[in-house]
Structures are given as C-alpha cells and as structure tokens.
Amino acid sequence: LDYDPHNPIPLSEKQGLEQLLAVECSSLPPECYAGSFLYVERELAVTIIFKYWKRENFDPFIAYLALNYFDRFVSTKRIPRIMSSEVYDMELLVISCLTLAWKMRSRSFTNPKFLVEQLQPRNIVTEDQYMRMELCILKGLDWNLCVVTAFSFIPYLERKFNLFNRFRRRTINEI
Amino acid sequence: MEKYKRDGVIGKERNSLRQIHKYRRQGSSGGSVVVKRFMLQPKLDALSTRDEEASADPEETGVPIKTLRQISLLKVMQHENIVRLVEMNYEDGDSLVRLVFEYADMDLRNFLEEYAAKASDQKLVKKLLCQLLRGVAHFHSIGAAHGALNPKNVLIDIGNENLKILNIAMDADALYTAPELLLGSTESSPAADMFAVGCIFAEMVNRRPLFQGKAANINNIFNLLGTPTEENWPGKLSEVFPNLEPHGLDLISKLLCLDPSKRIKACAALKHDYFKDLILLR
C-alpha cells in the first residue's frame, strides 16, 4: 500500500477529522523550529533534495515528505555521527530522509544504484552506515512516517464544499 | 524489557522457528502484552537474522520497504477491534526493534473452553462475530490482509465482551486455512481471511473447531462443502449446525464458499441479515 497524501492513515467509519488532527500533531516539527538557527541546514537539505529530484524526476510529494522527515528530525534530534565528517553526515541524513519517503510512497524504489551514483565521487557510504542512518531517523521520528499534512484535509474539505456546491478538485487545489 | 516477564507462548512467527511469547507486566499496572521483534541489519552479514518476512529482494538496501510500511502503519492504526501497539523499544544500536502490543484477558480458544456457559449464548456469538468482522473489514479497507486468523489471535476481554484481533504475522493454522491456499496458492488474501472468519464463526457456534485433524485438511473441507467439481453449494451445513438460526446458516455458507471470488466480503458480511437484530452498545 503506497502512502497516499490525501489519505495517509486508515480511518474507520466513525473517526475522521478528529483522528487526522490528532495525528497531525505528531507530523509537525515543534513551533520554535521556524525561528531556529537551522535554516542553513534546511537550505542545504532543500538543495540536495532538489538536485536529486532533477536527476531522478520522482513524484514531487516524495520531496515534500522527505523534507517533513528532515524538519522533524533536525528540530528534535542531533545529527548522528556516522560518517567521517559532519558534512557527509548531513548529506547522508538528507538522502536517507529521501529514500525513506521514496519507500513509503512508491514500490518501484531500488536504491543501491541511487546511493552509489549519488555519493561515489566524494564519499562512499557503506550499507551499514546507510542502514544506521535510516534507523536513527526512524527512531528519532518514532516510526511516524504516515504523516498528516495539509494535503490530507483536502478530501474532507471537498466533501464539505460539495454540500453547498459542486466544486471540483482543481478548484480546491487552487485555493 | 525488564518491565515484562515471560508468560506463555502464543504461537510461532511466520517463516521462522522463533516463538512469540506473551508477557506479563511487572508491578502494579498488570495486564499482558505481546512482543514482536524486528531484526534490522544490513545484508553484508549473510548469516544475520534479518527480518524474515521482508522480501529477500537483492535490490533492496537499508530498512526493507515492507517493514517500514508495516510498522509506520501500526503506529497510526486505531480501531477498537484491533490490538493496539503500546510501545516500541530498541536494542543493539537500534537494529533490534521490539513492538509491544496490548493483550486482552484471553484468546478465543481459551474463552470457549473456560467460559463454556457464557460462550454458548448465541447473542454473544453474534456480538463477537460482528466485532471480528469489523476488525477484519478495517484491515481490508486499507488494502491489507491478516493472513493467519485463528482462535489463538482473536482476543477477548471478558468484562466488556470486547474482541480484538492480534496481527503480528504468525504462522497460519492449517485448520483455518482457505482451500485455495491449501491447494497451492501462496498469497494470503482478504478472501482467505473471510474463510478463516467462517471457521471461527463455526467454532463459536459449536464450541469446537469446524475442521479437525492434523495438517492440511483439504479432504475434510471437501467432505463438508462438496468437491469443487460439483456445484459449490454447501449441502451439509444445516446438519453440522442444528442450533444456528437460518440467517446464521446462510452467512456461514457464504463465508465458507469454496470459490474465493464468490466468497462474501467483510463489509458485505456486516450488512448480512444475521446482524439485523443486533444492537451494539458502544
């Protein structure tokens, strides 16, 4: 089952908005994050993610999801010391966020090539280091990968709007 | 894990010899839990006990997709008829993940044995079956299948008569396995779950397993339900369940339908006339 941004968590008939809101809390970085000194790191992460996005041309939501994992991780945890330098750690962290997001979203993901190609010239990541980074992130995020984002509320709002008028999905996306 | 003390075996893990234990919480809080282990190690070490359930895809690096999705789904899975994940803990530099699930008072098998009088109440049977179907329907609605339903992983809280399904990838019990799986199909499917629900329903009604005997019981199934070459209408069911109301008989025949494509779906089963007179207080 691929992660669906519009329907990220299994809801039973009765639950709905309440559960979405409850899960949304665990899907957001803390409030203070916006004003923190981590914007340099974040900018770097965005650059890295977009670099790979251009090369691999993946679903833009993967990038969005990866950045969500990144934000939540760096705002609450220290960047793990796994590689030989902090710069490499940072890059591996971003890439691992990206691969985790990819794995959640699409089954077509095969990363050995991806990893090797991306990092080879400057820096070689062993499978063990990669696995350790992924596990660090998963633990840091408490395995909360089915995140509730703004996208998740669209179907709900759509139903509400439909009560009044026949809105189309596109109209709502434009709003 | 010091908080917990081992308290009996529940079953075996799928594709593995490892046993799944039940634990009792130490101290005042009480209550039992079930623990499922995930070993997450890079493949470099060929002998390592990686998560066996994960596909052995040589292309896959890092945390397997299946494990990733399974655990993150468990984190957000909330349904009153599905056992809840209460905590996770880590060992060995985070590569050993333990998932701790709540456990109820007892499993359905014990309930049928120890509370025979209570369990023979047909109203209670109906109430429990409805909850079982709700849990199963929830699994199916998210595109998952349980794959190993049997009375050992259907749990009952005696006090409030609540039923919860435990889903930790245990070995399937051949006595609850759908005929298409006994005949060689390997994928567990929602339809196969429904066959197991039928067997469990039958067991609740008669308070003994529907099919008895060792290992694969394909002969038993065909004896009861007719061989697939004949018409698939089960003929002998009314003899096996003399005490079951006609609607119940109809539902059971639809659950035990030999052809998986014609077997009733969980959501349809919940709307069956058998439940018409059921008022669930929630």
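Conventions used here
Residue positions are given per chain, counted from 1 along the sequence in the order it is written. All chains are assigned letters beginning at A, and all ligands numbers beginning at 1, according to the order in which they are written. Where totals are concerned, whole chains, interfaces and linings use all residues; where local detail is concerned, this predicted model gives features only for residues with pLDDT of at least 70, and gives and counts side-chain atom pairs only at 80 or more. With hydrogens and water stripped out, all remaining heavy atoms of the structure feed into the side-chain values. UniProt positions are given in the numbering used here, feature names are shortened, and annotations may be inferred rather than shown by experiment. Counting from the N terminus, the helices are the DSSP runs of H or I reaching at least four residues and the strands are the DSSP runs of E reaching at least two. A 1.4 Å probe rolled over the protein chains alone gives each residue an accessible area, and that area as a share of the maximum for its type sets the label: buried under 20%, exposed over 50%, partly exposed in between. Contacts between residues were defined by any pair of non-hydrogen atoms, one from each residue, lying within 4.5 Å. Only the protein chains shown count as cover for residues, and all accessible areas are computed by the Shrake-Rupley method using a 1.4 Å probe. The definition of a polar contact used here is a pair of N or O atoms within 3.5 Å, where within protein one atom must be able to donate a hydrogen and the other to accept one, and adjacent residues in sequence count solely through side-chain atom pairs. The score called pLDDT rates the predictor's confidence residue by residue, from a low of 0 to a high of 100. The criterion is simple. A nonpolar core is a set of buried Ala, Val, Leu, Ile, Met, Phe, Trp, Tyr and Cys residues joined through side-chain atoms within 4.5 Å. Those domain boundaries reflect an automatic or database domain assignment. Planes of paired rings set the category: under 30 degrees apart is stacked, over 60 is edge-to-face and the rest tilted, where pairs are Phe, Tyr or Trp rings (Trp by its six-membered ring) whose centres lie within 6.5 Å. Paired strands, as defined in this entry, are two strands with at least two bridges between them according to DSSP. Under the convention used throughout, the expected extent of a helix is 1.5 Å for every residue step, that is, one less than its residue count.

Looking at an unreviewed UniProt entry, one finds chain B named cyclin-dependent kinase and attributed to Morus notabilis. The Sequence similarities (unreviewed entry) comment attached to chain B in UniProt states, word for word, "Belongs to the protein kinase superfamily. CMGC Ser/Thr protein kinase family. CDC2/CDKX subfamily."

Visitor: Go over the overall build of chain A, please, and point to the residues and values.
Guide: The secondary structure content of chain A amounts to 8 helices and 0 strands. Reading the helices (α) and strands (β) of chain A from amino to carboxyl end gives α-α-α-α-α-α-α-α. Counting across all 175 residues of chain A, residues that qualify as buried make up 47%. Summarising the internal contacts of chain A: among those between residues at least 6 apart in sequence, 75% fall at separations of at least 24. Entry remark: accessible area of chain A is about 9,700 Å², with carbon and sulfur atoms responsible for 56%.

Visitor: Go over the overall build of chain B, please, and point to the residues and values.
Guide: Per the secondary structure count, chain B includes 10 helices and 8 strands. Expressed as a percentage of its 282 residues, the buried residues of chain B come to 53%. Considering only contacts within chain B whose residues lie at least 6 apart along the sequence, 61% involve residues at least 24 apart. About 12,900 Å² of surface is accessible on chain B, with carbon and sulfur atoms providing 50% of the total.

Visitor: I'd like a description of the side chain of His146 of chain B, backed by residues and values.
Guide: Residues and elements named next belong to chain B. Take His146: it is sitting in the loop between helix H4 (122-141) and strand S7 (154-157). Here Leu149 takes part through its backbone nitrogen, which lies 3.3 Å from a polar atom of the side chain of His146. Polar side-chain contacts of His146 include one of 2.7 Å to the backbone oxygen of Leu166.

Visitor: Lay out the confidence of the model for chain B in plain terms, naming residues and giving numbers.
Guide: Residues and elements named next belong to chain B. Across chain B, the average pLDDT comes to 78, with 77% of residues at or above 70. The low-confidence segment residues 44-58, where pLDDT is below 50, has 26 contacts with residues more than four positions distant or belonging to other chains. When the criterion is pLDDT under 50, residues 229-233 qualifies, and its contacts beyond four places in sequence or with other chains add up to 6 contacts. Here the prediction assigns the complex a pTM of 0.75, and the interface score ipTM is 0.77.

Visitor: I'd love a proper account of the nonpolar core, names of residues and values included.
Guide: By size, the foremost hydrophobic cluster in this structure holds 67 residues, and its most contacted members are Tyr69, Phe70 and Trp143 of chain A together with Leu99 and Phe101 of chain B. The greatest single-element share of this core, amounting to 12 residues, is contributed by helix H4 (residues 86-105) of chain A. Counting contributing residues per domain, this core is built from domain 1 (4-102) and domain 2 (106-275) of chain B, each supplying no fewer than three. Leu132, Ile165, Leu210 and Phe275 of chain B belong to the second-largest nonpolar core, a separate cluster that totals 56 residues.

Visitor: So, unusual backbone geometry: which residues are in play, and what are the values?
Guide: Phi is positive for Trp143 of chain A, which is not a glycine, with a value near 60°. Look at Trp143 of chain A and you get buried, because its relative accessible area is 0%. If you check the backbone angles, Arg207 of chain B has positive phi at about 55° while not being a glycine. The topology assignment puts Arg207 of chain B in the loop between helix H6 (190-206) and helix H7 (218-225). The class of Arg207 of chain B is partly exposed, set by a relative accessible area of 37%.

Visitor: Could you give an account of the environment of Met104 of chain A, with specific residues and numbers?
Guide: Residues and elements named next belong to chain A. Here Met104 lies in helix H4. The exposure class of Met104 is buried, given its relative accessible area of 3%. Along the primary structure Met104 and Tyr69 are separated by 35 residues, whereas in three dimensions their C-alpha atoms are 12 Å apart.

Visitor: Could you give me a rundown of the packing of aromatic side chains, with the residues and numbers involved?
Guide: Residue and element names in this part refer to chain B. One pass over the full model with this rule turns up 4 aromatic pairs over all chains. On the basis of an interplanar angle of 50° and a centroid distance of 5.3 Å, the ring pair of Phe201 and Tyr274 is categorised as tilted. Pair noted here: Phe201 is in helix H6 and Tyr274 is in the segment after helix H10 (266-270), with a separation of 73 residues, a long-range link. For Phe201, a relative accessible area of 0% gives the class buried. Judged by centre distance (5.2 Å) and plane angle (65°), the rings of Tyr274 and Phe275 are edge-to-face.

Visitor: Give a description of the sheet that holds S7 of chain B that names residues and reports values.
Guide: Residues and elements named next belong to chain B. Across the sheet, 3 strands lie side by side as S6-S7-S8; this open sheet has antiparallel pairing. Where the open sheet ends on each side, the last strands, each with one partner, are strand S6 (106-107) and strand S8 (162-165). Bridge count for S6 against S7 is 2 bridges, and the pairing is antiparallel. Across the sheet, residue Met106 finds its bridge partner in S7, namely Ile156.

Visitor: Just give me the short version of the pairing of strand S4 (residues 85-91) of chain B, but keep the residues and values in it.
Guide: Residues and elements named next belong to chain B. Relative to strand S5 (residues 96-102), S4 runs antiparallel, the two being bridged by 6 bridges. Of the residues in S5, the one forming a bridge with Met88 is Leu99. Two successive antiparallel strands, S4 and S5, enclose a turn made up of 4 residues, where Asp92 displays a positive phi of approximately 55°.

Visitor: Could you give me a rundown of H4 of chain B, with the residues and numbers involved?
Guide: Side chains three or four residues apart in an α-helix point the same way, a direct result of the helix having 3.6 residues per turn. Residues and elements named next belong to chain B. Its 20 residues place the ends of H4 28 Å apart at the C-alpha level, agreeing with the 28 Å of an ideal helix rising 1.5 Å per residue. In terms of residue burial, H4 counts as a mostly covered element, since 15 of its 20 residues are buried. Measuring from the side-chain oxygen of the N-cap residue of H4 to the backbone nitrogen of Lys123 gives 2.9 Å; that N-cap residue is Asp121. Downstream of H4 by one or two residues, Gly143 has phi in the positive range, about 80°.

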